[in-house]
Structure formats: C-alpha cells, structure tokens
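Survey of secondary and tertiary structure
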Amino acid sequence: MARQLNKAIKKAPTCPNNNRLYLILSTLCLNNKYNIIVFASAMIMKKKNICLLGSTGSIGKNTLEVIKKNNNFFNIKSLASFGNNLSLVKNQINEFNPSIVCIFDESNAAKLKYQIPSYKTKIISGLNGLKEIVSMDDIDLVISAISGKAGVIPTIEAIKNKKDVALANKEVLVSAGDYIKKLVKEHKTKIIPIDSEHNAIFQIIENKKKEDIKKIILTASGGPFYNLKNFNNITPKQALNHPTWSMGPKNSIDSSTLMNKGLEVIEAHFLFSIPFEQIDVLIHPQSLVHGLVEFIDGSTILQMSTTDMKIPIQNAISHPYKIKNKFKNFNFTESFNLTFSPPDLKNFICLELAYDALKKGKSLPCFMNAANEILVQRFLQNKISWLEIGYKLEKLMTSHSIQNMLCLKDILEVEEEAIGKAKII
C-alpha cells in the first residue's frame, strides 16, 4: 500500500493542491480500494520549486509578489540578480529563504556574503553561478526575467538541464530562436511566455490546431510618442515615461521606438511556429486587449485583463492550472473604449526593421537585437538622439553579412560583432 501511494505521489505533476490531490486519488482508485486515512495522507503537496533569474527587476519583483500570495503552491529555491540593489536582494533572501543566490557581479556577491550567514543561503557569482542555479536537480521551473542578451546563456543552460522555462526575456528567442527551438525539442522541455501579449496568444491557441489559425495579432500601447508630431530633441526622461506599463529602462526605450513590439513579433514566430506574414501588430492605447487570434472561419478570439503583469506571471508559473487570486478584475459594467489602429512605420522604423530581420532570418535578428541594445544604452547616456537609434540600426543591419547560426558559439560571435559596430557608429 505504501509503495503504491509513493508511486502515485511521484507520478502526479506539481500543481495546485486540489488538482494534485485529485490526480493522486484517481491513480490510487484505478489500482486499489484504500481507506480514507490513506487518501488523506496524499494531500501533502510537492510545491513547484522555482529559480528566478532577475529578482530585482520589474518582472522579478512582480513574480515574488505572486509567489508570496501563493506560497502553498510555489517555493523560491534560487534567485539571481544583475543589478546593484543588494539591500533588496537581502530582503528577498530573508523573506523567501532561497537555498542559493547568484549575484552576477563578483564584488557585489562578496559584499552580500558578509551580510548573509552561509548556513542560511549560499552566495555565488558570475556566469558559472547562473549555470549552477538553473541546473539544480530539484528545480521545476526557471523564470528567465534578466533583461537583454544576458539572459540567453542561462536560459539555454536551463533547457539543456531539462527545465521548463517561463520566459519574460524576449531577447532570448530573438537572438537564438532556431537554436533554442532545437534544444527544447531535444530535451523535451516547455517554454511558457510571460509577456502579456504572448501569454494572451498562448492562452488562446492552446489545444487549437495550427492550421486553423489565420493570423495572430499583438497589441501595442504605442508608447509615449505615438501621437507626437516632432521627434527631434526627445530626452531619455521623456522616453522612459511609459503611459501604461512600469518597465525597466531598456524595455521602456524599446517601447518608445516600437522595437519592443518588433522583438515580440520575432519572439511570437519562434514561440508559436507562425510565419511572419501571419503576425500583425495593432496600436491599442488602452492596453486592455493583450492579444487576438483570427481563425480561418472568420472568428476572432481576444484575451483581456487589467494592466497588471502579475496576471500573466501567475498564469505562466501555474500552467497548466488556474489559481484564484485577489488581483483587480476587469469590470465590464463600467464605460470604456477599445480603439485599434495600424502602426506608423514611417516614424517608428524599428518595427519595420524587426520584420525585415525576421523575414531574412538566420543571424540578422541576433545582430539587430545586440546592436539595438547598445544604441539604447548610448541614447540613455545622451550620446545619440532618439531618432538615431533607428537610423543607426538600419545602417548597421545593412552592413551585416547574414550567416547561419548552428551553435552558441555562432550566436556569441554575431553578438560581439554587433556590439563592436554599434559602439562606434
């Protein structure tokens, strides 16, 4: 009897209590008639152990808020931070008790070691530290929320170690989409999107036949400048002031140029295996509809929710189950408007550059992504203008010799080329 119970518990997937209990009891009932005392013992649930990459960023902090409110379901096993906010990391360690934390900067890691007892939490650093925390045996899900190209290697390492990935870093698939798709298939893992737009599409098309999909449509708020007439003299402070979402500096600037949406188009192509011709973008300033899918029969299904990133985060980390929460729900009894319009590709050329990169494929999306990241940094440092982000990126992409990328080494070489050129153009 005990052997049967242990076997049933191990086979039952990690999931919310009621669903897991149902699966365990169903398994037992199919084999034997055990008494209610044995059934009651099966109520002990195995929490989903989570590795969070990027704990001090916007997505990271929201993720921890979700887990805090659902600590019966999730357990933070490890954290990683790229920033300098050691006081926040220390607070996160004290609250969530991870067994291991990676501070990417070695000097910052050394500072934190003096503040955290080694018996409480192991502090490590660098790229090897990131690889270590994503490959731990008892990790069930890796949340990839490190901004920019820095998230590529640890995400790849997680997949190689057969970990499912909840992905909030769109640059990962933009830089290494073909390679990562191959790894996912080889290691039989899953990528679950966290971005509100991709998570919306993910929810709509799950269990749908791909041949029934006519197109997917990603919505964009338009950023702070969509109705602007004069694009000269835009300051970093203005570009960082997003009208809808609270994001980090890189994503905020990308949103202001619509590159953020361009990266999402490329990411959608790899996530859902949809040709670029079947991926559209619509400007939707209210940011209430996060994604739409048009089917071949003429019907369209859309996903709506309030502008709260905790909703898609919870959906991604609890997948394939739904968990109740107390987040603000959308109130259909209130008066509201939903407006949609095509994007302005003349003034926001970065979106068109992203489509062009996806169309030509191979190394160009990776090159574009790395070059754009450097140009955004230079804009934030007041070294180039907002308009020059797109103009310089277009020149750089024209200069790039497109090539196949068959391994991580190829990806890193293309990124290095793009970074070098973008620093001096």
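Now for a description of the structure that goes with this document. Since we're looking at a predicted model, the values are computed, not measured.

Before going further, it helps to examine the overall build of the chain. Within the chain one finds 18 helices and 11 strands. When burial is assessed residue by residue, the chain has 53% of its 425 residues classed as buried. Surface accessibility of the chain: about 20200 Å² in total, with carbon and sulfur atoms responsible for 51%.

So, on to the nonpolar core. Counting 121 residues, the largest nonpolar core has L53, I133, I143, I180, I216, F272 and M368 as its most contacted members. Of the residues forming this core, the biggest block, 10 residues, is contributed by helix α16 (residues 364–380). With sequence-adjacent residues up to four places away left out, I180 is seen in contact with I156, I159, V172, L173 and I191.

All right, on to the packing of aromatic side chains then. One pass over the full model with this rule turns up eight aromatic pairs. Aromatic pair F73 and F74: ring centres 6.3 Å apart, planes at 90°, arrangement edge-to-face. Centre to centre, the rings of F231 and W386 are 5.6 Å apart; their planes meet at 15°, and the pair counts as stacked. Of this pair, F231 sits in the loop between β8 (213–220) and α11 (236–239) while W386 is found in helix α17 (residues 386–399), placing the two residues 155 residues apart along the sequence. Residue classification places W386 among the buried residues on the basis of a relative accessible area of 4%. These aromatic residues form a ring-pair network of at least three members: F225, Y226, F231, F348 and W386.

One open sheet holds the four strands; their spatial order is β9-β8-β10-β11, and the pairing between them is mixed. At either margin of the open sheet sits one strand with a lone partner, and together these are β9 (279–283) and β11 (300–304). On average, adjacent strands in this sheet sit at an angle of 20° to one another, irrespective of strand direction. Relative to β11, strand β10 (residues 289–295) is paired through five bridges, and the arrangement is antiparallel. In the strand pairing of β11, V289 is matched with M304. In the packing of helix α13 (residues 259–272) onto the sheet, contacts are made with β8 and β9, and the angle to β8 comes to roughly 150°.

Tallied over the full model, the rule gives 17 salt bridges. E388 is the partner of K392 in a salt bridge, and the nearest nitrogen-oxygen pair spans 3.9 Å. One end of the pair is K392 and the other is E388, both in helix α17 and four residues apart, which spans about a single turn. Two residues, K421 and E417, come together in a salt bridge whose shortest N-O distance is 3.0 Å. Here K421 and its partner E417 are both found in helix α18 (residues 408–424), four residues apart, which amounts to about one turn of the helix. A single salt-bridge network, built from bridges that share partners, covers E171, K250 and D254.

Definitions and limits used
- Residues numbered from 1 in each chain as written.
- Predicted model: local features only at pLDDT ≥ 70, side-chain atom pairs only at ≥ 80, totals over all residues.
- Heavy atoms only, no water.
- Helix = DSSP H or I, 4+ residues; strand = E, 2+ residues; numbered from the N terminus.
- Buried < 20%, exposed > 50% of the residue type's maximum accessible area, 1.4 Å probe, protein only.
- Areas by Shrake-Rupley, 256 points an atom, 1.4 Å probe, with all protein chains shown as cover.
- Core = buried A, V, L, I, M, F, W, Y, C linked by side-chain atoms within 4.5 Å.
- Contact = heavy atoms within 4.5 Å.
- Phe/Tyr/Trp six-rings, centres within 6.5 Å; stacked < 30°, edge-to-face > 60°.
- Pairing = 2+ DSSP bridges.
- Axes fitted to C-alpha atoms, helices over the stretch in contact; angles between N-to-C directions.
- Salt bridge = Lys/Arg side-chain N within 4 Å of Asp/Glu carboxyl O.

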